[in-house]
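Structure at a glance
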Amino acid sequence: LDDLSLSVCISSRELFSPSQKYQLLVYHADSLFHDKEYRNAVSKYTMALQQKKALSKTSKVRPSTGNAASTPQSQCLPSEIEVKYKMAECYTMLKQDKDAIAILDGIPSRQRTPKINMMLANLYKKAGQERSSVTSYKEVLRQCPLALDAILGLLSLSVKGAEVASMTINVIQSIPNLDWLSVWIKAYAFVHTGDNTRAINTICSLEKKSLLRDNVDLLGSLADLYFRAGDNKNSILKFEQAQMLDPYLIKGMDVYGYLLAREGRLEDVENLGCRLFNISDQHAEPWVVSGCHSFYSKRYSRALYLGAKAIQLNSNIQEAIIHFREAIRLAPCRLDCYEGLIECYLASNSIREAMVMANNVYKTLGANAQTLTLLATVCLEDPVTQEKAKTLLDKALTQRPDYIKAVVKKAELLSREQKYEDGIALLRNALANQSDCVLHRILGDFLVAVNEYQEAMDQYSIALSLDPNDQKSLEGMQKMEKEESPTDATQEEDVDDMEGSGEEGDLEGSDSEAAQWADQEQWFGMQ
């Protein structure tokens, strides 16, 4: 029914007003979002923003009629900022964090709400942009001085506890019974500096306060700290207290299951796993607990599968690193395990660890196209080793000229050097005997850079025919449309007519797009 309404909305200019079309597009995108059709939702949110832009232009051109009935309607329109926030949520669900940051960065600072600043802070932190992350967390605290997640975010980025406390002092002094907050900040400052003993003592003192006695979050933190300190007995005790207080607790239960398995309490581990699955199978914890049960029951293949499922559900880098290491121990000849581990290191900006692991893979599995490309990928992250990356990629492509991962990385390098003609030749050669969405899209980006606009459009069309959900190809086409005729609201229909065309022509584009596209590519699913 949504699709029918949308078709009527787009086709009929009389049935719906421009503002109603905007509303309908947003509501349709919201329904797609809730159905987890994130790529489709982004496309519809983009259409809604284009409609809103056209609506704004119309309202500026047409003088006010003084009609009082139009005022409530305009006030009820979905917020453009909220639409952009929803788009950023879609991108994060698709693991396209750079696109999420780009959308939120486009919102003027004064219009950013606390939740937008919070999302930006988390995304910056994940991307290793610590200074920007700190700035965004501080802005959250300026707007909401009791935002505990923002406080923890600042402490995790090595901001001094005293500085963080100073940002909350006014609200602590103005609201009764908030004296515990300064102690709480002190405790978690110890946590993030690795001072486990002082952190345990400070949280224990907090737990004794009547307001925070039997607090599940504090008990969970204590259990985790005891675990880090090697005191498994007290860790298990605190986890047991926490789950007795909250039978639906999931956070931290993966560590609890691991500790029980280490003690040989496999029946308890199995029961814990079943209980957690009954609560939710969309969290990593039940899969980790079941994986621990399988591992200590010597069912290693099942343990590996369960661990991989947990990583898929929870992109926490440090936990993923632990599981990939265990997977490598169990299957030392599986290249995909090494690729996953190195990808985690690069995502957490641990270039040195990634380089050590890539060199180990190179020595262990030999100099083939895959290991050469893997080592080159790490070298590309450091400006000092760019030439080495080039040499490695050339060797990989000599062995396998059609190896897609090597072609993508070589194209990324050529884009950085602005050697677009060389990149086009490379991509054409790779596509001579195969057809791949990513390669066609990158070729389109390179063609834009050398002003071959019509052929670039053709390449984007081919990419979309291979993968209709490829958002980057769609965005490349939309970007060219806007630059060709910014004021033409009907240009989207013209592009539909051009898809599949083999003719050459000129449109306008961006020199930097190819490098951005290549940066986004993940290891999995590209071979």
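These numbers were taken from a predicted model, which means no experiment stands behind them.

Considerations on the overall build of the chain
- In terms of regular secondary structure, the chain is built from 31 helices and 0 strands.
- A total of 527 residues make up the chain; the buried ones form 46% of that total.
- Taking all contacts inside the chain whose residues are at least 6 apart in sequence as the whole, residues at least 24 apart take part in 53%.

Topic: the packing of helix α8 (residues 130–143) against helix α9 (residues 148–156)
- With their axes 9 Å apart at the nearest point, α8 and α9 run at an angle of 150° to one another. Comparing their axes, α9 and α8 come out roughly antiparallel. Along this stretch, α8 crosses α9, giving a crossing that reads as left-handed. Residues Val134, Tyr137, Lys138, Val140 and Leu141 of α8 form the contact with α9, whose own contacting residues are Asp149, Ala150, Ile151, Gly153 and Leu154.
- Of the residues contributing to the contact of α8 with α9, the split by class is 7 nonpolar, 1 polar and 2 charged.

What to know about helix α28 (residues 453–466)
- Helix length check: α28, at 14 residues, gives a terminal C-alpha distance of 20 Å against a target of 20 Å (1.5 Å per residue), a fit within 8%.
- Among all positions in α28, only Tyr453, Gln454, Glu455, Ala456, Met457, Asp458, Gln459, Tyr460, Ser461, Ala463 and Leu464 are buried.

Focus on the UniProt feature "repeat: TPR" (unreviewed entry) in the chain
- Under the feature "repeat: TPR" (unreviewed entry), the UniProt entry names residues 437–470.
- Across residues 437–470, helical content stands at 79% and strand content at 0%; the span's end C-alpha atoms are separated by 8 Å.

Thoughts on the nonpolar core
- Core analysis: the largest hydrophobic core is formed by 59 residues, its most contacted members being Ile342, Leu427, Leu439 and Phe446.
- When residues are assigned to domains, this core turns out to be shared by domain 3 (320–400) and domain 4 (407–482), each giving three or more.
- Among the nonpolar cores identified, the runner-up in size contains 35 residues, and Ile151, Ala189, Leu212 and Leu218 belong to it.

Things to note about helix α16 (residues 253–262)
- Within α16, 8 of the 10 residues are buried, which leaves it mostly tucked inside the rest of the structure.
- Buried within α16 are the following residues: Met253, Asp254, Val255, Tyr256, Gly257, Leu259, Leu260 and Ala261.
- Two residues or fewer after α16 comes Gly264, characterised by a positive phi angle close to 85°.

A look at the packing of aromatic side chains
- Counting across every chain of the model gives 7 aromatic pairs.
- An angle of 40° between the planes, with centres 5.7 Å apart, marks the rings of Phe239 and Tyr256 as tilted. In this pair, Phe239 sits in helix α15 (residues 232–245) while Tyr256 sits in helix α16, placing the two residues 17 residues apart along the sequence.
- Residue classification places Phe239 among the buried positions, given a relative accessible area of 2%.
- Note on Tyr256: relative accessible area 5%, which makes it buried.
- Consider the rings of Tyr420 and Phe446, whose centres lie 5.8 Å apart with planes at 80°: the pair is edge-to-face. Here the residue Tyr420 occupies a position in helix α26 (residues 420–431), and Phe446 occupies one in helix α27 (residues 437–449), the gap between them amounting to 26 residues.

Focus on the packing of α16 against helix α17 (residues 266–279)
- It is at 8 Å that the axes of α16 and α17 come closest, and there the two elements cross at 160°. When the interaxial angle is binned, α16 and α17 end up roughly antiparallel. Between α16 and α17 the crossing geometry is left-handed. Contacts between α16 and α17 involve Met253, Tyr256, Gly257, Leu260 and Ala261 on the former and, on the latter, Leu266, Asp268, Val269, Leu272, Arg275 and Leu276.
- Residues of the contact of α16 with α17, tallied by class, amount to 8 nonpolar, 1 polar and 2 charged.

Quick notes on the confidence of the model for the chain
- Per-residue pLDDT for the chain averages 82, and the proportion of residues at 70 or more is 82%.
- Taken as a whole, residues 63–72 scores under 50 in pLDDT and shows 0 contacts with residues more than four places along the chain or in a different chain.
- Contacts from residues 486–527, a stretch scored under 50 in pLDDT, to residues over four places away or in other chains number 94 contacts.

Comments concerning the environment of Ala150
- Along the chain, Ala150 turns up in helix α9.
- A relative accessible area of 0% places Ala150 in the buried class.
- Ignoring any residue separated from it by four or fewer positions in sequence, one finds Ala150 in contact with Met118, Tyr137, Val140 and Leu141.

Cut-offs applied
Here, residues in each chain are numbered from 1, in the same order as that chain's written sequence. Since the coordinates come from a predicted model, pLDDT governs what is reported: local features require at least 70, and pairs of side-chain atoms require 80 or more to be given and counted, while whole-chain, interface and lining totals use all residues. Here the side-chain values reflect all heavy atoms present in the structure, with hydrogen atoms and water set aside. Runs of H or I in DSSP of at least four residues are treated as helices and runs of E of at least two as strands, each being numbered from the N terminus. For each residue, the accessible area found with a 1.4 Å probe, counting protein chains only, is set against the maximum for its type, and the residue is called buried under 20%, exposed over 50%, and partly exposed in between. Here, two residues are considered to be in contact whenever any of their heavy atoms come within 4.5 Å of each other. Every axis corresponds to a line fitted to the C-alpha atoms, with the helix fit spanning only the stretch in contact, and the corresponding angles, defined between N-to-C directions, vary from 0 to 180 degrees. Note that the term roughly parallel is reserved for angles under 35 degrees, roughly antiparallel for angles over 145, roughly perpendicular for angles of 65 to 115, and oblique for everything else. Crossing chirality is assigned from the near helix's rotation relative to the far helix, an anticlockwise turn below a right angle marking it left-handed and a clockwise turn marking it right-handed. When residue character is reported, Ala, Val, Leu, Ile, Met, Phe, Trp, Tyr, Cys and Pro are called nonpolar, Asp, Glu, Lys and Arg charged, and the others, Gly included, polar. Expected helix span is given by 1.5 Å per residue-to-residue step, counting one fewer step than there are residues. UniProt positions are given in the numbering used here, feature names are shortened, and annotations may be inferred rather than shown by experiment. Put simply, buried Ala, Val, Leu, Ile, Met, Phe, Trp, Tyr and Cys residues joined by side-chain atoms within 4.5 Å make one nonpolar core. These domain boundaries are the output of an automatic or database domain assignment. Two rings belonging to Phe, Tyr or Trp (six-membered ring only in the last case) form a pair when the distance between their centres is within 6.5 Å. Interplanar angles under 30 degrees mark stacking, angles over 60 mark edge-to-face geometry, and anything in between is tilted. The pLDDT value tells you how sure the predictor is about a given residue, anywhere from 0 up to 100.

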